[in-house]
Amino acid sequence: MSFLSIKDITKTYRGSKTPCIENLDLDVKEGEIVVMLGPSGCGKTTLLKLIAGLEEQDSGTISIDGECVDRIMTERRPISMVFQKPYLFKSMTVFDNISFAPKVTGQIKGKDELRAETQRYIDMVKLTGFEDRPATQLSGGQEQRVSLARALIVKPKLLLLDEPLSALDASLRVEMRTAVRKICKELGQTVIFVTHDQEEAVAVGDRIALMIDGRIEQFASPEEFYTRPRSITVARFFGWKNEIPCRFDGNDVLESPIGRFRIDGRTSDPSDMIMVMRPEAFFESSNGPIIGKVKEAYYMGVRVDYVVECNGYDLNVSLDTSYLRRPGDDIGLDVNMSGVWAVDCESDISFTQQTDSEKGLKGIFSIFKKDRS
Ligand SMILES: Nc1ncnc2c1ncn2[C@@H]1O[C@H](COP(=O)(O)OP(=O)(O)OP(=O)(O)O)[C@@H](O)[C@H]1O
Ligand SMILES: [Mg+2]
């Protein structure tokens, strides 16, 4: 049974004509870290507020650990929340900030026990030595570590994190996302982590729920988002950049303006399709099907990102740095078919994946059919 169960939630803000969240279902297992990923304004914070009881849904129910919390006030729900901005008690030290809640609620009774438990969480978030530091004298990363310890020490059944790292600079963000995941996993903490950063979502989450316009477009493991996105919208969010119109000849060939591609072992009706190709699926080959000209080159350290012009199409191509090409150079390319899909119609329509066995494929090529349900 799921630990957090959200059933058919709809929320429309007063004055708004359209729902901000519509018929949303979400099931989270105990100890799982689920990332809500999605563009600005898609309803991520609203969903957290509904779970926390800071907003009320129009319909639907929310249960935590088997208990329906719809009629339970925020302060009585078994949750902690951490926001983008740390709201620390400025007049207190790190130690007092962290020990405050269990002390005033009486959750931890004895003085010694409170001291030991607070110290345990201070050590866990790697703030040992900072116990007596005033909250006003901390870096952004240290402030978020205090926020995290403060949220965890009350042992919530559910931890809600709303873009907790987005105010930090890039390298600190990377360090902190690893720390957050490690700490929550060690504690077996169930977490909903909100972000609009796809890389962060993949690094932190056991599963990711991609939210678009108040609905969950796909709920799956990070790996599935890369290998089996449900729709073109999802694919775009996860870095499938090149969309090339093509024609499947009904046997085993895709004809496209950038070249002719062979897919073995597949037959179906001839149809117009769109090939979606990951930038890193390309490799250099003097006898490959693609002949193009380098238009732009961006050296990224471990790889080079190129824009390659081929028969009127700009291809996003990511190659290793062993041989650098310059704008104006001719380039021959081939493509690893595991990084290619053909979808059978235009964008922003949901596609449902047909398994390779249903289609009689050999596992190198996934075909998506329009969802007609
Ligand atoms: N109190 C409110 N009253 C009316 N509309 C609101 C309210 N809060 C949010 N909204 C609207 O609901 C939509 C979703 O907002 P929400 O804050 O949940 O988005 P979000 O996904 O968290 O975005 P971001 O990534 O920018 O934080 C937005 O269009 C927003 O303008
Ligand atoms: Mg938000």
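Residues numbered from 1 in each chain as written. Chains lettered and ligands numbered in written order. Predicted model: local features only at pLDDT ≥ 70, side-chain atom pairs only at ≥ 80, totals over all residues. Heavy atoms only, no water.

Student: Break down the environment of Val335 for me, citing the residues and quoting the values.
Tutor: Secondary-structure assignment places Val335 in strand 19 (residues 330–335). When the C-alpha positions of Val335 and Ala209 are compared, they lie 30 Å apart, and in sequence the two are 126 residues distant. The contact partners of Val335, leaving out residues within four places of it in the chain, are Phe261, Met277, Ala281, Phe282, Phe283 and Val340. (Helix = DSSP H or I, 4+ residues; strand = E, 2+ residues; numbered from the N terminus. Contact = heavy atoms within 4.5 Å.)

Student: Can you explain empty space enclosed by the protein? Please cite residues and give values.
Tutor: As enumerated under the stated definition, the model contains one cavity of 30 Å³ or more in all. By volume, the largest cavity amounts to about 50 Å³. As for the largest cavity, its lining consists of Val82, Gln144, Leu148, Leu161, Pro164, Leu165, Met176 and Val180. At the level of elements, helix 4 (140–152) and helix 5 (170–187) are the ones that each hand at least two residues to the lining of the largest cavity. Here the residues of the lining of the largest cavity are counted per class, giving seven nonpolar, one polar and no charged. (1 Å grid on protein atoms, 1.4 Å probe; cavity = no way out; pocket = protein on both sides within 12 Å on 5 of 7 lines; lining within 4 Å. Points joined across faces, edges and corners; volume = space filled by probe spheres on them. Nonpolar A, V, L, I, M, F, W, Y, C, P; charged D, E, K, R; others polar.)

Student: An account of the packing of helix 4 against helix 5 is needed here, citing residue identities and associated values.
Tutor: Put simply, helix 4 and helix 5 touch, their axes get as near as 11 Å, and they point 15° apart. Classified by the angle their axes make, helix 4 and helix 5 are roughly parallel. Our pair here, helix 4 against helix 5, has a crossing hand that is right-handed. For the pair helix 4 and helix 5, contact is made by Gly141, Gln144, Arg145, Leu148 and Leu152 and by Leu172, Glu175, Met176, Ala179, Val180, Ile183 and Leu187, respectively. The class makeup of the residues in the contact of helix 4 with helix 5 is eight nonpolar, two polar and two charged. (Axes fitted to C-alpha atoms, helices over the stretch in contact; angles between N-to-C directions. Parallel < 35°, antiparallel > 145°, perpendicular 65-115°, else oblique. Left-handed = near helix turned anticlockwise from the far one by under 90°.)

Student: Which residues make up the site of ligand 1, and what are the values?
Tutor: In the neighbourhood of ligand 1, the contacting residues comprise Tyr13, Cys20, Pro39, Ser40, Gly41, Cys42, Gly43, Lys44, Thr45, Thr46 and Glu163. The contact in question runs from an oxygen atom of ligand 1 to an N or O atom on the side chain of Thr46, over 2.5 Å. Look at ligand 1: alone it shows 630 Å² of surface, and the protein chains cover 56% of it. (Near = heavy atom within 4 Å. Polar contact = N/O pair within 3.5 Å; in protein donor to acceptor, adjacent residues only side chain to side chain. Areas by Shrake-Rupley, 256 points an atom, 1.4 Å probe, with all protein chains shown as cover.)

Student: Before we move on, can you summarise the sheet that holds strand 19 with the specific residues and values?
Tutor: Ordered by their spatial adjacency, five strands build an open sheet running 15-19-16-17-18, and the pairing between neighbours is antiparallel. Only two strands of the sheet have a single partner each, and these edge strands are strand 15 (282–284) and strand 18 (313–320). Across the sheet, the axes of successive neighbouring strands diverge by a mean angle of 50°, strand direction being ignored. Both strand 16 (residues 290–299) and strand 17 (residues 303–310) contribute to a ladder of six bridges, which runs antiparallel. For Tyr299, the partnering residue across the bridge sits in strand 17 and is Val304. (Pairing = 2+ DSSP bridges.)

Nothing here speaks to function; it is all geometry.
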